[in-house]
Amino acid sequence: MADGRLKDKVAIVTGAGSRVSDGVGTGRAAAVLFAREGARVLLADRDEAAAQATRELIVSEGGVAEVFVGDVTREQDCERMVARAMENWGRVDVLDNNVGIGSRGTVVEIGQAEWERVLEVNVTAMMLASKYAVPAMAGSGGGSIINIASIAAMRPRGLTAYTVSKGAVVSLTQALAVDHAKQGIRANCIAPGPLYTPMVYSDGMSEELRERRKQASLLGIEGTGWDVGYAALYLASDEARYVTGVVLPVDGGVLLRGPER
Ligand SMILES: NC(=O)c1ccc[n+]([C@@H]2O[C@H](COP(=O)([O-])OP(=O)(O)OC[C@H]3O[C@@H](n4cnc5c(N)ncnc54)[C@H](O)[C@@H]3O)[C@@H](O)[C@H]2O)c1
């Protein structure tokens, strides 16, 4: 484990818990995989118990992780989060900006308060976490920022606030990649397709909808938090040293689906 693909690296994962205690979302999956590959991981979450559950998983496998309790929509918390990683381990190599919330409705259906909340959680939080992580990464020669977007950015379907927020995540990623390349920082985003994770099933999902989401992909299989976690692991590692500014769909080919011939 200490000799893994993230040997000697320090990673911060936001939203590293899961809204379902024994569920595996994209944040928990990435945190576990980073630790398995030798990273020391700061598990940032506003829900302490959720982050502790991830820590227990990691520690039970012999990995190293600490919990940071904070709300990433607050600037002070983002500043404290990066400071905590620096105090604990003296460097920051990876920031996985994973926190995000869903939203349904067209512009006619949603209100201003929801619009603003979605942009705050899905975009502003990534900007704030990056604002403090970039100087820390630059101080040790560079790093990797991974932002979790969604194929909704490229494929609007009645989730307007969510689509707009994830489109902004793509633009934020490209801006980070251009502005901080000289400091050795890579920035990439992952655009997941429909996954079966606590984020979407915690309020209940019918078997029929679950099957429809599965069949939306070319492969006809169900995406999970682990699929996004493995993509994040690649982007976090030095194997991706020549990769920056990309949008990596992890969607089983959903984006390529069209009318059948
Ligand atoms: N599930 C899907 O189908 C799907 C598809 C596309 C994109 N995504 C994206 O994947 C990500 C979902 O992550 P997950 O599966 O780990 O989700 P999750 O809903 O299980 O949340 C993970 C953790 O985030 C924490 N959290 C929420 N708001 C926070 C805040 N403001 N500050 C700190 N912590 C906060 C929660 O407490 C929770 O423990 C989102 O960015 C989402 O948009 C999911």
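**Describing the overall build of the protein chain**
Here comes step 1: The helix and strand inventory of the protein chain stands at eight helices and seven strands.
Here comes step 2: Here the protein chain has a C-alpha radius of gyration of 17 Å; the compact-globule value for 261 residues is 18 Å, and the two agree.
Here comes step 3: Referenced to the eigenvectors of the C-alpha coordinate spread, the extents of the protein chain come out at roughly 50 × 35 × 35 Å.
Here comes step 4: A buried classification covers 47% of the 261 residues belonging to the protein chain.
Here comes step 5: Restricting to contacts in the protein chain with at least 6 residues of sequence separation, those with at least 24 account for 77%.

**Things to note about the pairing of strand β5 (residues 143–148)**
Here comes step 1: For β5, the tally of buried residues reaches six of six residues, placing the bulk of the element in the interior.
Here comes step 2: Burial of the side chains of β5 extends over both faces: G143, I145 and N147 are buried on one face and S144, I146 and I148 on the other.
Here comes step 3: Bridge count for strand β4 (residues 94–97) against β5 is four bridges, and the pairing is parallel. For N97, the partnering residue across the bridge sits in β5 and is N147.
Here comes step 4: As judged from the six bridges shared by β5 and strand β6 (residues 185–192), these two strands associate in the parallel manner. When the bridges of β6 are listed, S144 appears paired with R186.
Here comes step 5: A crossover connection joins β5 to the parallel β6 through helix α5 (residues 160–180); in handedness this β-α-β unit is right-handed.

Reading the values: the criteria
- Each chain carries its own residue numbering, running from 1 in the direction its sequence is written.
- Only residues with pLDDT of at least 70 get local features here, since the model is predicted, and only at 80 or more are side-chain atom pairs given and counted; chain-wide, interface and lining totals rely on the full set of residues.
- Put simply, DSSP marks the helices as runs of H or I at least four residues long and the strands as runs of E at least two long, and each gets a number from the N terminus on.
- The reference for a compact globule is 2.2 Å times residues^0.38; the radius of gyration itself is calculated from the C-alpha atoms.
- Think of it as a crowd count around each C-beta: if 20 or more other C-beta atoms lie within 10 Å the residue is buried, if 12 or fewer it is exposed, and in between it is partly exposed, with C-beta placed from the backbone throughout.
- Two residues qualify as a contact pair if the distance between their C-beta atoms, derived from the backbone, is within 7 Å.
- In this analysis, strands are considered paired if DSSP registers two or more bridges between them.
- Call a crossover right-handed when, viewed with both strands pointing away from you, the route from the first strand across the helix to the second goes clockwise.

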